[in-house]
Amino acid sequence: MRFNNIVKSLAIALPLTILSACSSNSDTDEQSQVDTNAQVTQNAEDARKAQEAVRVTAAKRAAEIEEQKRQELAKLRSEHIVYFDFDVSNVNEQYSAILDAHAKFLNANSDVKVLIEGHADERGTPEYNIALGERRAKSVVTYLENMGVAAGQLTVVSYGEEKPMVKERSENAFAKNRRAVLVY
């Protein structure tokens, strides 16, 4: 009989022990929820920091590109004159490197526009010099367009003899005044 009492006690105690071991209390559930919320908050913070790092990197890269563009433009502005022989409007091949650099820049920066000014020396009539200056400017435009520059980026104006670079009356002065100028 003693054996029966032990078996009955075990039959009652064993399931209660198992149930109590498997069940959780409210403190454990609350802690688990707090841990989960903390992890979600940490993941969101990590994602925000990663996005901010990407924005900062993109901004730095954009600033670097803008600075590089500014430097290229400054260099092009220092080499922006094409000179012509007397009564000639064809671009001399010695200026092809300068115009190639301008074309490369303009092709890479389709939002940039350039004004090509045509000039002539004072020899000839004002009307003839205006027409010659325009032919010189259009010659530069044609060269740039052949290098792939969009026509919408290029504008032509002729000043003829009206804006000389050098006001002297010598062959050297005349040579400086026969030009096309790229103005950004």
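Above: the structure in question.
Residues numbered from 1 in each chain as written. Predicted model: local features only at pLDDT ≥ 70, side-chain atom pairs only at ≥ 80, totals over all residues. Heavy atoms only, no water.

## As for the pattern of salt bridges
Applying the stated criterion to the full structure yields 11 salt bridges. The shortest N-O distance in the salt bridge between Asp121 and Arg123 comes to 2.9 Å. The salt bridge involving Glu122 is made with Arg169; its shortest N-O contact spans 1.8 Å. In this pair, Glu122 is assigned in the loop between strand 2 (114-119) and helix 4 (126-146) and Arg169 in the loop between strand 3 (154-160) and helix 5 (171-177), connecting sequence segments 47 residues apart. Owing to a relative accessible area of 63%, Arg169 belongs among the exposed residues under this scheme. Bridged by salt links that share partners, the residues Asp121, Arg123, Glu171 and Arg178 form one connected network. (Salt bridge = Lys/Arg side-chain N within 4 Å of Asp/Glu carboxyl O. Helix = DSSP H or I, 4+ residues; strand = E, 2+ residues; numbered from the N terminus. Buried < 20%, exposed > 50% of the residue type's maximum accessible area, 1.4 Å probe, protein only.)

## Remarks on helix 4
With 21 residues, helix 4 should cover 30 Å at 1.5 Å per step; its first-to-last C-alpha distance of 30 Å lies within 8% of that length. Residues Asn129, Leu132, Gly133, Arg136, Ala137, Ser139, Val140, Val141 and Leu144 constitute the buried set of helix 4. For helix 4, the secondary structure elements touched by its buried residues are helix 3 (96-108), strand 2, strand 3 and strand 4 (179-183). A positive backbone phi angle near 100 degrees is found at Gly148, which sits one or two residues after helix 4. (Expected span 1.5 Å × (residues − 1). Contact = heavy atoms within 4.5 Å.)

## Digging into the packing of aromatic side chains
Enumeration according to the criterion identifies 2 aromatic pairs in this entry. Plain terms: the ring middles of Tyr83 and Tyr95 are 6.4 Å apart, the flat faces sit at 55 degrees to each other, and that makes the pair tilted. With Tyr83 in strand 1 (residues 81-83) and Tyr95 in the loop between strand 1 and helix 3, this pair connects stretches of sequence that are 12 residues apart. Plain terms: the ring middles of Phe105 and Tyr184 are 6.0 Å apart, the flat faces sit at 85 degrees to each other, and that makes the pair edge-to-face. Taken together, the residues Phe105 in helix 3 and Tyr184 in the segment after strand 4 connect sequence positions 79 residues apart. Taken as a pair, Phe105 and Tyr184 share a single burial class, namely buried. Between Lys163 and the ring centre of Tyr159, over which it is positioned, the NZ or CZ distance is 4.1 Å. (Phe/Tyr/Trp six-rings, centres within 6.5 Å; stacked < 30°, edge-to-face > 60°. Lys NZ or Arg CZ within 6 Å of the ring centre and 35° of its normal.)

So yeah, pure geometry; function would need other evidence.
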